[in-house]
Amino acid sequence: MSDTQTLIENRPPTVAALFLERVAATPDAEAYRYPVPAASGQGPDEWKSLSWGQAAERVFAIAAGLVSLGLRSEERVALASSTRVEWILADLGVMCAGAATTTIYPSTNAEESAFILEDSDSRVLIAEDAEQLAKARERRGDLPDLAHVIVLEAADAVAADGDPEGWVLSLAELEARGAEYLSLHPEAVKERVSAITADQLATLIYTSGTTGRPKGVRLPHDNWSYMAKAIAATGLVTGDDVQYLWLPLAHVFGKVLTSGQIEVGHVTAVDGRVDKIIENLPVVQPTYMAAVPRIFEKVYNGVAAKARAGGGAKYKIFQWAAGVAREYAKVTQDNFRRTGTASAPFGLSARHKVADALVYAKLREAFGGRLRAAVSGSAALSPEIGYFFSGAGIHILEGYGLTESSAASFVNPGEAYRTGTVGKPLPGTEVRIADDGEILLRGPGIMEGYHGLPEKTAEVLETDGWFHTGDIGELSADGYLRITDRKKDLIKTSGGKYISPAEVEGQFKAVCPFVSNILVHGADRNFCTALIALDEPAILAWAADHGMGGASYADVSTSTQTRELIQGYVNTLNEGLQRWQTIKKFQLLPRDLDVEHGELTPSLKLKRPVVEREFKHLIDEMYAGTRED
């Protein structure tokens, strides 16, 4: 048995036990950094730190506080908050109390929040602020089992008329209760941790389905313990790393990163404010971070827009440098695959060196200057954008997983990464491709099942442990996986041709620096069309240079000039497609797609049925007067 197999197979039963091991091993080492706004409200945030020992003190107090409220083993505690250090401490506190965390996105409305609270049988809600508290209070009549709401923001933990006594507590009050409880029962939390079994429920994550109610995915402690060990076994992160964590922790991608960090013991800087990413990166100077493709697309569009604003010469330099980056990445990756050395011919290397001084070095500085690698997941990254960043020295390692597989099933291996693939399976995870191309997974990261839905579980989870992902993919001879599409998202035209909309959409994002979101439509139609939402900052900057300064996004998107601009990029896209894949018509949307309107999931994936339903009139216009055979 290899050292890696031994490491994974001899894993502790729970992440709570892993946490205690980490605290005992490095109590004084820095664990978390978090921002505190300036007292005046002006100026930059102040970043503070918690050591593993200090984090444990708070985690134990939260756990003991929950125990003092009567919380029993495996009972659910819901967490409705944005990504912040208290989210991690609260989640660890729940697990160390032997209970299970139910995650709720803070953007979830009151009705769906109440459904999740009721369906999960949550006894306690940990709410970020007054807004999250108000949702629970609004539906309290439907939630007789919700015994307490713990509010992270102390100033917002205010009881209202009609609240049961003690229903609302601040996190500080809960921790004070816990500290008092521990003074009387000093071993209470450690006893709870030692009693947790590997198959005991740790987390209940509700998938943001495109139709109907979300399903609760049951992830026991062993899933996270395995993930922690498997992530460490990849060698992608070390104890010297600094991670910048902004992803939603209610999502499985963000959550799995907390398990890996506990095993490896590196520093994590936590701040979920997406509008602060650009400001935070030079301050945090991370060595690695995880993100979703939309972030890299926005950075790429932003760099292109800035170059364009600098005048024709600067934009030409950028376009030249982007071409060199892609060529360099493709050549060096191919050479590494064949020879084990990421080399390039002299002429290309010389051009790359010039482009680095002019463009790439500034881009790396914007990421903090120390970024060794970035992991991208949740959706497919356009290979051309991936090659651009690779050639610029920002190595994006695409990975793959689902909520049902605890997020991390595949990841690209360090220097041997291949843009356009999601890499190789994590140690201990098995994969096979079904006859119809569907990816099947088996291993310790696979869920127990859907909460209270045995029929739904049986649809995707076979009795021998193989999980049907619903994704279509291809495995290379040496084990690299390429995702080609969602099984249910493949389009079949009326002419009988199958099309992967995600593939076409990804190619368009690579050629058009003004696109924010695109949906390709064509199921049962005789040609393909597209709904295109533009990146507002990029298109307004372009508009200002073309006689439309001060115009609104809606006005710019309906102008003839803008339509001609985007038509040019559609033409470029079509040149590289098969005839049946080409976009014959398109509509520019009057606004961008967003989470608030339900068109994107909180992890920024496109909800196709929602978008097609919302903009059905625009789709119908594109097919009006055409013969549908």
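Just above, that's the structure.
Residues numbered from 1 in each chain as written. Predicted model: local features only at pLDDT ≥ 70, side-chain atom pairs only at ≥ 80, totals over all residues. Heavy atoms only, no water.

## Concerning a nonpolar patch on the surface
Here is the rule we go by: Residues enter patches when their relative accessible area tops 30% and they take part in no salt bridge; the joining distance is 9 Å for like charges and 5 Å for the nonpolar side chains Val, Leu, Ile, Met, Phe, Trp and Tyr. Computed with the Shrake-Rupley method and a 1.4 Å probe, the accessible areas treat only the protein chains shown as cover for residues. Take a side-chain nitrogen of Lys or Arg and a carboxyl oxygen of Asp or Glu: if they are within 4 Å of each other, that pair is a salt bridge. Every helix listed is a DSSP run of H or I at least four residues long, and every strand listed is a run of E at least two residues long, numbered separately from the N terminus. When accessible area is computed with a 1.4 Å probe and restricted to protein chains, residues below 20% of their type maximum are described as buried, those above 50% as exposed, and intermediate ones as partly exposed.
Among the surface-exposed residues, I317, W320, V354 and L358 lie close enough to one another that they form a single nonpolar patch of about 330 Å² accessible area. Mapped onto the nonpolar patch, the elements with two or more residues apiece are α13 (312–339) and α14 (346–366). Residue placement: V354 occurs in helix α14. Residue V354 is classed as partly exposed on the basis of its relative accessible area of 44%.

## Description of the packing of helix α2 (residues 15–25) against helix α4 (residues 85–96)
When two helices pack together, their arrangement is captured by the angle between the axes and the distance separating the axes. As a reminder, the rule being used: A fitted line through C-alpha atoms serves as each axis, taken over the contacting stretch for helices, and the angle formed by two N-to-C directions is quoted from 0 to 180°. For classification, angles of less than 35 degrees are called roughly parallel, those exceeding 145 degrees roughly antiparallel, those between 65 and 115 degrees roughly perpendicular, and all remaining angles oblique. Note on convention: near helix rotated counterclockwise from far helix by under a right angle means a left-handed crossing. Clockwise means right-handed. What makes two residues a contact is simply this: any of their non-hydrogen atoms within 4.5 Å. Residue type decides the class: Asp, Glu, Lys and Arg count as charged, Ala, Val, Leu, Ile, Met, Phe, Trp, Tyr, Cys and Pro as nonpolar, and the leftover types, Gly among them, as polar.
One way to put it is that α2 packs onto α4 with a least axis distance of 9 Å and a crossing angle of 110°. As the angle between them shows, α2 and α4 are arranged roughly perpendicular. α2 and α4 meet at a crossing whose hand is left-handed. Judged by residue contacts, V15, A16 and F19 of α2 engage L92, M95 and C96 from α4. Looking at the contact of α2 with α4 residue by residue, the class counts come to six nonpolar, no polar and no charged.

## Quick word on the nonpolar core
Where we set the bar: Among buried residues, those of type Ala, Val, Leu, Ile, Met, Phe, Trp, Tyr and Cys that are joined through side-chain atoms within 4.5 Å constitute a nonpolar core.
F389, F508, I532 and I566 are the most contacted members of the largest nonpolar core, which has 173 residues in total. Examining the composition of this core, we find that ten residues originate from one element, helix α3 (residues 52–68), more than from any other. If we ignore the near neighbours within four places in the chain, the residues touching F389 are F296, V299, Y300, L363, F367, I394 and I396. One finds A78, L117, L125 and A157 within the second-largest nonpolar core, a separate group that totals 19 residues.

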